[in-house]
Every structure is written in structure tokens, then in C-alpha cells.
Amino acid sequence: MVNGNRFGSLILNIGLGLIAIALLFPLIFVIITSFAPATFKPTEGLFPKTWTVANYQRAWQQGEFLLAFFNSTFVAIAVTGCQIFTSALAGYSLARLNFKGRNGVLLIVLATLIIPFQLLVIPIFLVLKWGHLVNTYGALILPTAANGFGIFLIRQYIQTIPIELEEAATLDGANRLQVLWNVILPLTRPALVTLFIFTFIGEWNDLFKALIFTTRPELKTVQLVLSGFQELFTADWSLLMAAVAIATIPVMVLFAIAQRQFIRGVAATGIKN
């Protein structure tokens, strides 16, 4: 029986290892190609005959990644901060406050999750134009400053927190905002970290807003830079893959730092009425 369990575990580990290799293969291909010479083509094989770091130097200089990193980081952090703020307030209200129409508001919030952002681009553009925000950082931040997913995520996590902790704080004289700041938010850190990672990565990888709402070169983001490396009929694959690798580094570092809180937040946030 013991040998059977060991054999089953071995088969399971081998299977999981093969799945991991399959999932990591695109990333491995990007890294290998980024060190290949400019004449290398993906059809020639997996490994190039010679290796070089010149692609990274060319990609960094040609794409002006320093400016793009600043813009993408600023926008991603600003949007993430706005979403955490709005999601914390709205999520707490939907989880703890008993007001008329609460379930209806929750349904409306959930309904926003099925509406593609592309369907809203024209009215959003008109609002931004009316507010003289086109070609500004506001056009990249305000359209996604609040998100139904973040509200639902925080709401679900708050419902896992014993209400007795809030009652004890209320007996000590704390008001609603003090309870939220001193009791709820520290306990919802895993969910907040999860929301931070989801939002930051989503904004970092977003091309649509920068492409539609901005035309000024000084506002270009990382994704706009990557799109600039692609041509209509030809592409320098080694240069493009080097640019992709450069753009991926911040996201990988962020996830490596916060992965424990991220997994904990996802695991603890279940469906609860």
C-alpha cells in the first residue's frame, strides 16, 4: 500500500512537472530568442547558434523604456490606489451596512463585470473630452479608478471576518471609519494585496486606454512601446523578445514578492451570502 502511494505521488509529480514545463515554455522561448542575433528566426529552431546581449541594449535605447516605465508605473500605482480606496469603502458598505436596496446595488456591481470596456470607450472618450482630460494622465487613470471585481473581492473577504471584532471596537467608542481603518483593513490585507496585484498587472499590460485616449509621445506606456517594435510585414524577433523580457521583469518581481499574500487572499475569498 505504501509503495502504491509512493508510485502514485511520483506519477502525480511527473505530471505536474510536465504541465509546469508546458506553461513556462512561452517564457523560456522569449528569453532564449531575446539573446539570439538579429538574423535569427523562430522557424530555425529553439536554440540560436550564437548568443548576444546587444538586443537588450538596442531595445532599451530604441524604445525609451525609462520614460515608458515611469508612465506605466505611475498610472498602474494611481489606478491601483484608487481601486483599493473605492473597493474598501464600497466593499465594507455592502458587507456590513444594512440599507435598503443593498442586494440590488450588489447585483449592479456584479453586472458591470460582464460589460466589456470596449463597449464603453465612446461615452468615456466623450466624457474625457468634455473634461479636457484627453492626452493627460487623467485619461489613463480615471476610466478604471473603480472596479466591480475589486468591490466584490473585498466584500467577500470582509464577510469572513467575525463581526464581534467590530462590535468590540464600537463598544470602545470607535466610529465606522475608525472600525474600517483600525480593524477591517489590517485583517483584509491578503485581499488588498490580491487586488493590488490583479490591478497593477492589468494596468501594466493595458494597451487599449493608451492607444485610444492619448497621442502625446511623452505619455507612451510600456505596451505602446512594445507595439512599436512590431511592423506590418516583418519583425525583428530577437529585438521584440528582448523588449518583451524587459517589460515583464517588473511584473515578475512584484508577483514574487507578494505571491504568499496573493494565494492566501484568493484562497480565503469564497462565495458567501
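Details of the structure are given in the entry above.
Position numbers for residues count from 1 along each chain, tracking the sequence in the order it is written. With the structure being a predicted model, the display of local features is reserved for residues of pLDDT at least 70 and the display and counting of side-chain atom pairs for 80 or more, all residues being used for whole-chain, interface and lining totals. Where side-chain values are given, they derive from all heavy atoms of the structure, hydrogens and water being excluded.

Moving on, we come to the overall build of the chain. Runs of H or I in DSSP of at least four residues are treated as helices and runs of E of at least two as strands, each being numbered from the N terminus. Counting its regular elements, the chain contains 13 helices and zero strands. Taken from N to C terminus, the helices and strands of the chain fall in the order α-α-α-α-α-α-α-α-α-α-α-α-α. Think of it in three bands: with a 1.4 Å probe and only protein chains considered, a residue is buried below 20% of the maximum accessible area for its type, exposed above 50%, and partly exposed in between. Evaluated residue by residue, the chain yields a buried proportion of 36% over its 273 residues. Sequence-distant contacts in the chain: of pairs separated by 6 or more residues, those separated by 24 or more amount to 74%. Taken as a whole, the chain presents about 16400 Å² of accessible surface, with 70% of it coming from carbon and sulfur. Residue contacts follow a heavy-atom distance rule, with two residues in contact if any of their heavy atoms lie within 4.5 Å. Only the protein chains shown count as cover for residues, and the accessible areas themselves come from Shrake-Rupley with a 1.4 Å probe.

Attention now goes to a nonpolar patch on the surface. Like charges within 9 Å and nonpolar side chains (Val, Leu, Ile, Met, Phe, Trp, Tyr) within 5 Å are joined into patches, using only residues over 30% in relative accessible area that form no salt bridge. Salt bridges, as used here, are contacts in which a Lys or Arg side-chain nitrogen is within 4 Å of a carboxyl oxygen on Asp or Glu. A cluster of nonpolar side chains, namely L113, I114, I115, L119, L120, F149 and F198, defines an oily patch on the protein surface of about 670 Å² accessible area. By the secondary structure assignment, I115 is in the loop between α4 (102-111) and α5 (121-130). Of the residues examined, I115 reaches a relative accessible area of 40% and is grouped as partly exposed.

The backbone of H132 shows a phi angle near 55 degrees, a positive value even though the residue is not glycine. Note on placement: H132 falls in the loop between α5 and α6 (137-141).

Quick look at the packing of aromatic side chains now. When two rings of Phe, Tyr or Trp (its six-membered ring) have centres within 6.5 Å they constitute a pair, described as stacked for plane angles under 30 degrees, edge-to-face for angles over 60, and tilted for the intermediate range. Under the counting rule described, the total for this entry stands at 12 aromatic pairs. Where F69 meets W204, the ring centres are 5.6 Å apart and the plane angle is 50 degrees; that geometry is what we call tilted. Of this pair, F69 sits in helix α3 (residues 65-96) while W204 sits in helix α10 (residues 189-204); the two residues are 135 residues apart in sequence, bridging distant segments of the chain. The class of F69 is buried, set by a relative accessible area of 18%. With 5.9 Å between their ring centres and 15 degrees between their planes, F200 and W204 make a pair best called stacked. Of this pair, F200 and W204 both sit in helix α10, separated by four residues, roughly a single helical turn. Here F200 falls in the buried class, since its relative accessible area comes to 8%. Feature note: the residues W60, F65, F69, F196, F200 and W204 constitute an aromatic cluster, connected by ring pairs.

Here the focus is the packing of α3 against α10. Between N-to-C directions, angles cover 0 to 180 degrees, with each direction set by a line fitted to C-alpha atoms, over the stretch in contact for helices. Contact geometry of α3 with α10 gives a least axis separation of 9 Å together with a crossing angle of 140 degrees. Judged by the inter-axis angle, α3 sits oblique to α10. Like other packed secondary-structure pairs, α3 and α10 cross with a definite hand, here right-handed. Mapping the contact onto sequence places F69, S72, T73, V75, A76, I77, V79, T80, Q83, I84 and S87 in α3 and L192, L195, F196, T199, F200, E203 and W204 in α10. Class assignment of the residues belonging to the contact of α3 with α10 gives a composition of 11 nonpolar, six polar and one charged. Each angle receives one of four descriptions, namely roughly parallel if under 35 degrees, roughly antiparallel if over 145, roughly perpendicular if within 65 to 115, and oblique otherwise. Working rule for handedness: look at the near helix, and if it is turned counterclockwise from the far one by less than a right angle, call the crossing left-handed; if clockwise, right-handed. Any residue that is not Ala, Val, Leu, Ile, Met, Phe, Trp, Tyr, Cys, Pro, Asp, Glu, Lys or Arg is counted as polar, Gly included; the first ten are nonpolar and the last four charged.

Now for helix α7 (residues 148-158). Of all 11 residues that make up α7, nine are buried, and the element is covered over most of its length. Among the residues of α7, G148, G150, I151, L153, I154, R155, Q156, Y157 and I158 are the ones counted as buried. Whenever a nitrogen or oxygen atom comes within 3.5 Å of another N or O atom, the pair is scored as a polar contact, on the condition that within protein one atom can donate a hydrogen and the other can accept it, and that pairs from neighbouring residues in sequence are kept only if both atoms are in side chains. Where α7 starts, the residue carrying a side-chain oxygen 2.8 Å from the main-chain nitrogen of F149 turns out to be N147.

Moving on, we get to the side chain of N71. With respect to the helices, strands and loops of the structure, N71 is situated in helix α3. Judged by relative accessible area, which is 0%, N71 ranks as buried. Setting aside anything within four residues of it in sequence, one finds N71 in contact with Y137, E218, L219 and K220.

So, on to the environment of I201. Secondary-structure assignment places I201 in helix α10. Looking at I201, the relative accessible area reads 21%, which means it is partly exposed. Put simply, I201 and L254 are 53 residues apart on the chain and 9.0 Å apart in space, counted from C-alpha to C-alpha.

Multiplying 1.5 Å by the helix residue count minus one yields the expected span of that helix. The end-to-end C-alpha distance of helix α9 (residues 176-187), which contains 12 residues, comes to 15 Å, matching closely the 16 Å that a straight helix rising 1.5 Å per residue would cover. Within α9, the full set of buried residues consists of V179, L180, V183, I184 and L185. Along its buried surface, α9 packs onto α3, α7, α8 (163-171) and α10. You can read the cap of α9 off the contacts: a side-chain oxygen lies 3.2 Å from the backbone nitrogen of L177, and it is on N175.

Counted according to the given criterion, the structure contains four salt bridges. Across the pair R96 and E166 runs a salt bridge, and its minimum N-O distance is 2.3 Å. Here the residue R96 occupies a position in helix α3, and E166 occupies one in helix α8, the gap between them amounting to 70 residues. Under the relative-accessibility criterion, R96 is labelled buried at 13%. For E218, the salt bridge is made with R216, and the minimal N-O distance between the two is 2.8 Å.

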